[in-house]
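Architecture at a glance
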Amino acid sequence: MSNRGKLFIVSGPSGSGKSSLVSDIINELNDFVRSVSVTTRPGRGDEVSGNQYHFISKDEFDRLIEKDMLLEWASYAGYQYGTPKDFVNENLDKGKNVILVIDVQGAMQVAEKIKETYLIFITTSSLKDLEERIRKRGADSSEEMKRRLAIATRELDHMKHYDCIIVNNNYNEALLNLKKVLNSQKGRE
Ligand code: 5GP
């Protein structure tokens, strides 16, 4: 059997907890790496470039598209986000399992290109819960919050295209479920 790693996508509406879940899991599973996306969105409070995202200008983003250096990219709430192609390919070649935490538009693009991608959708059980979490995070202006909630409603329509859905009502349970899914679906040597 090939020892190439497997590609995983984790999507879910703003406030679903997907980024925290994946960060916590990456610390525990050493055969998994998370891809760091490029974005034109400005960094929030404690975000550091190269850690959560590589924060770049619109010109730099356009150049990456031109040079075909992104595996996928999408616009979300007025900013652009993309996955650097080389990082993903190099790690899959090394036998690492790679996790992309990206939106539904990007997920559909990748699933089209790489058929064996495993798609995981993280959600809460109601929009009200999401709204509360986005509000509590307090990082977004009320305009941006409204925009993110509207997008969340649309994103839920895409759930049917995913291989697995994890409802994050209890963080530790969701963490356990995500870990189980990743371990049972990962590439094997
Ligand atoms: P946020 O601004 O909240 O960090 O991210 C907004 C949305 O963009 C989230 O759904 C996040 O998963 C998604 N996102 C982050 N990086 C990428 C990427 O490289 N490509 C795509 N398509 N979406 C991304």
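Description of the structure in this document.

Parameters and conventions
- Residues numbered from 1 in each chain as written.
- Predicted model: local features only at pLDDT ≥ 70, side-chain atom pairs only at ≥ 80, totals over all residues.
- Heavy atoms only, no water.
- Salt bridge = Lys/Arg side-chain N within 4 Å of Asp/Glu carboxyl O.
- Helix = DSSP H or I, 4+ residues; strand = E, 2+ residues; numbered from the N terminus.
- Axes fitted to C-alpha atoms, helices over the stretch in contact; angles between N-to-C directions.
- Left-handed = near helix turned anticlockwise from the far one by under 90°.
- Contact = heavy atoms within 4.5 Å.
- Nonpolar A, V, L, I, M, F, W, Y, C, P; charged D, E, K, R; others polar.
- Near = heavy atom within 4 Å.
- Polar contact = N/O pair within 3.5 Å; in protein donor to acceptor, adjacent residues only side chain to side chain.
- Areas by Shrake-Rupley, 256 points an atom, 1.4 Å probe, with all protein chains shown as cover.
- Pairing = 2+ DSSP bridges.
- Phe/Tyr/Trp six-rings, centres within 6.5 Å; stacked < 30°, edge-to-face > 60°.
- Buried < 20%, exposed > 50% of the residue type's maximum accessible area, 1.4 Å probe, protein only.

**Digging into the pattern of salt bridges**
- Enumeration according to the criterion identifies nine salt bridges in this entry.
- Of the charged contacts in the structure, one is a salt bridge between Lys58 and Asp62, with a shortest N-O distance of 3.0 Å. Pair noted here: Lys58 and Asp62 are both in helix α2 (residues 58-66), with a separation of four residues, about one helical turn.

**What about the packing of helix α5 (residues 127-137) against helix α6 (residues 142-156)?**
- At their nearest, the axes of α5 and α6 sit 11 Å apart, and the two run at 145° to each other. The handedness of the crossing between α5 and α6 comes out as right-handed. Between α5, through Leu127, Leu130, Glu131, Ile134, Arg135 and Arg137, and α6, the contact on the second element is made entirely by Met145, Arg148, Leu149, Ala152, Thr153 and Leu156.
- Classifying every residue of the contact of α5 with α6 by side-chain character gives seven nonpolar, one polar and four charged.

**Focus on the site of the ligand**
- The ligand sits among 16 residues. The nearest are Ser37, Arg41, Tyr53, Tyr81 and Asp103.
- Thr83 is positioned such that a nitrogen or oxygen atom in its side chain is 3.4 Å from an oxygen atom of the ligand.
- Between the ligand and Arg148, the relevant distance is 2.8 Å, taken from an oxygen atom to a side-chain nitrogen or oxygen of the residue.
- Protein contact buries 95% of the 510 Å² of open area that the ligand shows by itself.
- When contributions to the shell around the ligand are tallied by element, the ones reaching two or more residues are β5 (70-76) and β6 (79-84).
- Considered class by class, the residues forming the shell around the ligand number six nonpolar, four polar and six charged.

**Some details on the sheet that holds β5**
- In spatial order, the strands read β4-β3-β6-β5; together these four strands make up an open sheet with mixed pairing. Of all strands in the sheet, those with a lone pairing partner are β4 (53-55) and β5, marking the two edges. For this sheet the average axis-to-axis angle between neighbouring strands, irrespective of direction, equals 25°.
- Pairing analysis gives three bridges linking strand β3 (residues 37-39) to β4, with the strands arranged parallel. Residue pairing across strands places Val38 opposite His54, the latter belonging to β4.
- Contacting β5 and β6, helix α3 (residues 85-93) runs over the sheet at an angle of about 30° to β6.

**Description of the packing of aromatic side chains**
- Scanning the entire structure with this criterion turns up seven aromatic pairs.
- Ring geometry for Phe8 and Phe32: centres 5.6 Å apart, planes at 45°, overall tilted. Residue Phe8 is located in strand β1 (residues 7-11), and its partner Phe32 is located in strand β2 (residues 32-34); the two are separated by 24 residues in the primary sequence. As far as the burial class goes, Phe8 and Phe32 line up, both buried.
- Centre to centre, the rings of Tyr76 and Tyr81 are 6.1 Å apart; their planes meet at 85°, and the pair counts as edge-to-face.
- By way of ring pairs, the aromatic residues Tyr53, Phe55, Tyr76 and Tyr81 are connected into one cluster.

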